[in-house]
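# Reading the structure
One letter stands for each residue in the lines below.
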Amino acid sequence: MKEHNIPLLNTSTQTQVFIGGQWQARRDQPGPMNIYLATRGFVEAATRKCMAKYTNVQFQEQTTVINLVGSGDRVTGVLTRTKAGSEVELSADLLVDCSGKGGNTCSWLKQFGVEAVPEWSVQHGISYTTMLFKRDNDDIPIESQDGRSVAHRTRVLAVYPDDATPPKYSRHGLFWPVEHDQYQCSLIGVGKDPAPTDYEGFVRFSETLAHPAMANLLKGLKPIGPGTMYMVPTSRFRLFHKLDDVLPNSFLCLGDSVMNVDPVFGQGKIR
Ligand SMILES: Cc1cc2nc3c(=O)[nH]c(=O)nc-3n(C[C@H](O)[C@H](O)[C@H](O)COP(=O)(O)OP(=O)(O)OC[C@H]3O[C@@H](n4cnc5c(N)ncnc54)[C@H](O)[C@@H]3O)c2cc1C
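The structure displayed is predicted, hence computed values, not measured ones. (Residues numbered from 1 in each chain as written. Predicted model: local features only at pLDDT ≥ 70, side-chain atom pairs only at ≥ 80, totals over all residues.)

## What about the sheet that holds strand β5 (residues 63-71)?
Pairing is antiparallel in the open sheet, where three strands are placed in the order β5-β6-β7. Unpaired on one side and paired on the other, β5 and β7 (87-91) mark the two borders of the sheet. Between one strand and the next, the sheet's axes are offset by a mean angle of 30 degrees, whatever the strand orientation. Judged from the five bridges that link them, strand β6 (residues 74-82) and β7 form a sheet pairing that is antiparallel. By the bridge assignment, V78 is partnered in β7 with L90. (Pairing = 2+ DSSP bridges. Helix = DSSP H or I, 4+ residues; strand = E, 2+ residues; numbered from the N terminus. Axes fitted to C-alpha atoms, helices over the stretch in contact; angles between N-to-C directions.)

## Things to note about helix α1 (residues 40-51)
Compared with the 16 Å implied by 1.5 Å per residue over twelve residues, the 16 Å span of α1 between its first and last C-alpha is a close match. Along α1, only zero of the twelve residues are buried, which leaves the element largely exposed. (Expected span 1.5 Å × (residues − 1). Buried ≥ 20, exposed ≤ 12 C-beta atoms within 10 Å, placed from the backbone.)

## Here we look at the pairing of strand β11 (residues 172-178)
Burial analysis of β11 places six of its seven residues in the buried class, which makes it a mostly covered element. One ladder, built from three bridges, connects strand β10 (residues 156-159) with β11; its direction is antiparallel. Within the sheet, the bridge partner assigned to V159 lies in β11 and is G173. Pairing analysis gives seven bridges linking β11 to strand β12 (residues 182-189), with the strands arranged antiparallel. Within β12, the position partnered with F175 by the bridge is C185. In sequence, β11 turns back onto β12 through a hairpin of three residues, with H180 there showing a positive phi of about 55 degrees.

## Some remarks on the environment of H172
Topologically, H172 is positioned in strand β11. Look at H172 and you get buried, because 22 C-beta atoms sit within 10 Å. Considering only alpha carbons, one finds H172 and T105, 67 residues apart in sequence, at a separation of 34 Å. With near-sequence residues (within four places) excluded, H172 lies in contact with V159, Y160, P161, I188 and L209. (Contact = placed C-beta atoms within 7 Å.)

## So, unusual backbone geometry
With phi around 55 degrees, D181 is a residue other than glycine that occupies positive phi space. Along the chain, D181 falls in the loop between β11 and β12. Unusually for a residue other than glycine, S250 sits at a positive phi of about 60 degrees. Topologically, S250 is positioned in the loop between β13 (228-238) and β14 (251-253).

## Some points on the confidence of the model for the protein chain
Overall, the prediction assigns the protein chain a mean pLDDT of 89, with 93% of residues at 70 or greater. Summarising per-element confidence for the protein chain, the mean pLDDT is lowest in strand β3 (residues 22-23) (88) and highest in helix α3 (residues 199-206) (98). (pLDDT = per-residue confidence, 0-100.)

## Topic: the domain arrangement of the protein chain
Often, the extent of an interface is quoted as the loss of accessible area upon association of its parts. Segmenting the protein chain into domains produces domain 1 (10-34 + 121-232) and domain 2 (60-118 + 239-270). Here the C-alpha centroids of domain 1 and domain 2 sit 35 Å apart. (Domains from an automatic or database assignment.)

## Structural notes on the environment of G173
Turning to its location among the elements, G173 is positioned in strand β11. The exposure class assigned to G173 is buried, which follows from the 27 C-beta atoms found within 10 Å. Spatially, the C-alpha atom of G173 lies 38 Å from that of K53, the residues being 120 residues apart in sequence.

Have a look at this one:
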């Protein structure tokens with residue numbers, strides 16, 4: 001991250017949040033939490049580069065897991081298919097399933113006698129539309145709004161609805177600097193209300209947020225391309241812990257394959 005000059009955020013003093021109809025005060029906290037601001041693609045590429053340094057880690061490029069392999073009550077590996085179409089079995093002492101919310105875990109478990117995995121789900125229809133803009137500064141060109149901390153620069157701007165409690169929770173937006181001299185802005189709609197992916201429509205959506213700061217900011221910036229829309233229709237929690245007696249051994253589920261939550265309220269990677 002340091003190598004690539006990724007902007008660093010002091011979350012307590014450099015975050016400007018409008019919520020519940022007012023600006024939140026920024027305070028210097030003892031032991032502030034500092035985080036690097038980068039896109040997911042950048043973080044994943046950096047993680048992969050770090051992992052490649054370990055000689056006991058192997059990557060299977062362009063390969064899909066198509067089933068679990070096992071016998072009796074034990075998972076012993078996976079069956080994979082390469083891009084060229086050949087099927088290869090990989091064996092494992094412990095299999096960790098981190099195939100995310102779209103993974104096939106539940107259907108694969110049927111061969112081990114697990115007919116159905118109980119789950120809780122909530123439909124909320126959250127959508128993110130994200131657009132990148134050119135930047136020439138780590139800071140966001142707006143002044144602090146709380147009147148007390150103008151000395152601190154703003155690195156994250158968040159505009160939340162006046163009433164931030166469900167079901168009234170609605171349109172909101174987040175803005176921050178990322179790698180390669182870019183700003184990233186995500187505009188979020190709730191209940192199948194996505195922000196458009198074209199610049200004009202994106203700005204129009206931002207004008208409907210609870211405070212004009214986001215729209216004013218976007219109007220002064222040049223988009224790098226059209227936005228990308230991502231729909232998160234449902235939050236889901238698979239209750240694997242209720243199946244202790246029937247789940248096969250040597251098999252572990254992690255991350256979104258267990259629980260994927262509305263990213264507005266839950267942060268998957270730190271779960
Ligand atoms: C819009 C949005 C914003 C978010 N913001 C944040 C945030 O700010 N902070 C945070 O902590 N979290 C955030 N999250 C949540 C976070 O992205 C997820 O919780 C996290 O990525 C889950 O990691 P995972 O490894 O379990 O699954 P994933 O990241 O979904 O990875 C699963 C991988 O497995 C691969 N895969 C699936 N099936 C197979 C197969 N059969 N064979 C081979 N490969 C397969 C998939 O292609 C994918 O690459 C956000 C999520 C969304 C949608």
